[in-house]
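# Overview (structure and organization)
Spelled out from the first residue to the last, the chains are:
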Amino acid sequence: MEIRQLTYFTAVVEEGTVTGAAKRLNMTQPPLTAQLHALESELGCRLFAHEGRRLRLTEAGHAFYQRAHTILGLCDAAEGEMSEYRQGTAGTLRLGVVSSVSSTVFLAWLGRFSAQYPAVRYDLSAGNTYQLLTQLGAGQIDIALARTPFSAPELTVLPLRREAMLAVGQPAFFAGLGAQKLSVAALAETPLILYRRWESVLRSRFEAAGCTPRVFCRNEDAQTTLALAQKGFGVGILPASAVPEQAQNGLAVREIDDAGLATEIAAVCRAEKLLPQCARLFWQSLRGEKSGV
């Protein structure tokens with residue numbers, strides 16, 4: 001099995017047809033088809049099934065695509081690291097960022113770093129904290145900007161910013177609840193929108209207050225939670241940095257007065273000393289952001 005075969009295979013998967021893949025790879029169809037057949041023969045199983053002119057991945061094909069994508073990513077990372085040795089601070093910084101910071105504080109941190117190191121390029125991945133920690137452990141990203149709570153004793157964690165959780169929604173949902181901080185008990189009768197990683201924490205805080213939350217919707221990320229709250233479906237429970245000022249127009253925003261719901265943005269890596277050069281520079285930059293908070 002050769003790296004170029006993995007490149008051909010992923011191109012066919014992503015384009016959906018051999019014709020499209022051949023055009024993307026700047027090659028003719030017959031040698032591309034031959035390489036696919038050779039790959040299937042070597043693996044001993046079918047990777048594609050035909051549906052008219054398009055190709056559909058078999059179950060084995062789906063599994064192999066994930067492996068191929070990871071291998072090619074690692075190859076790119078290795079090439080990038082070698083490039084850094086040749087070019088100093090010029091290289092590709094592979095970052096994973098949770099949705100609750102991707103459009104707010106992360107942009108400010110990235111902007112200051114990019115101004116200082118304009119030759120650095122970026123490969124950004126999005127996901128929840130646990131997905132990013134998995135990618136970090138697999139070597140697919142250099143640094144994850146995650147959010148507590150999480151447990152990762154084998155990783156290096158740099159706490160950056162501690163912040164409260166907010167209740168965000170149309171003003172009608174807050175009628176009679178006051179204009180200041182809210183307790184979790186005050187939200188017991190309110191339809192809540194939250195992303196799954198916060199559900200168990202929220203339920204425990206409601207139970208501690210002697211009440212049960214009324215969960216209208218669970219979803220996967222902060223951006224979806226905010227969008228649903230903006231449309232009036234309920235009150236979103238979000239970290240403060242997940243609610244940019246421009247998104248607050250027409251919304252009521254209340255801090256939840258419960259220390260048990262506080263959360264912290266943290267940078268995570270496998271080991272600082274093992275970071276590629278540009279990633280180490282970014283880590284040091286984040287340490288400076290922490291001292292400035």
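Parameters and conventions
- Residues numbered from 1 in each chain as written.
- Predicted model: local features only at pLDDT ≥ 70, side-chain atom pairs only at ≥ 80, totals over all residues.
- Heavy atoms only, no water.
- pLDDT = per-residue confidence, 0-100.
- Helix = DSSP H or I, 4+ residues; strand = E, 2+ residues; numbered from the N terminus.
- Salt bridge = Lys/Arg side-chain N within 4 Å of Asp/Glu carboxyl O.
- Buried < 20%, exposed > 50% of the residue type's maximum accessible area, 1.4 Å probe, protein only.
- Pairing = 2+ DSSP bridges.
- Axes fitted to C-alpha atoms, helices over the stretch in contact; angles between N-to-C directions.
- Contact = heavy atoms within 4.5 Å.

## Some points on the confidence of the model for the protein chain
- On average, the protein chain scores 86 in pLDDT, and the residues at 70 or more come to 95%.
- Taking the mean pLDDT of every element in the protein chain, the minimum, 80, falls on helix α4 (residues 59-87) and the maximum, 93, on strand β5 (residues 143-147).

## Structural notes on the pattern of salt bridges
- All told, the structure shown has 11 salt bridges when counted by the stated rule.
- Note that arginine 4 is salt-bridged to glutamate 2, the shortest N-O span being 2.5 Å.
- Owing to a relative accessible area of 39%, arginine 4 belongs among the partly exposed residues under this scheme.
- On the accessibility criterion, glutamate 2 (39% relative accessible area) is partly exposed.

## Some words on the sheet that holds strand β8 (residues 191-195)
- Judged by pairing direction, the sheet is mixed, and its five strands sit side by side in the order β9-β8-β10-β7-β11 without closing on themselves. In the strand order of this sheet, the two ends are held by β9 (214-219) and β11 (252-255), each with one partner. Averaged over neighbouring strand pairs, the angle between their axes works out to 30° when direction is ignored.
- As defined by bridge partners, strand β7 (residues 165-169) adjoins strand β10 (residues 235-239) across four bridges and the pair is classed as antiparallel. Following the sheet pairing, methionine 165 is matched in β10 by proline 239.
- Along the sheet, helix α8 (residues 199-208) makes contact with β8, β9 and β10, crossing β8 at roughly 140°.

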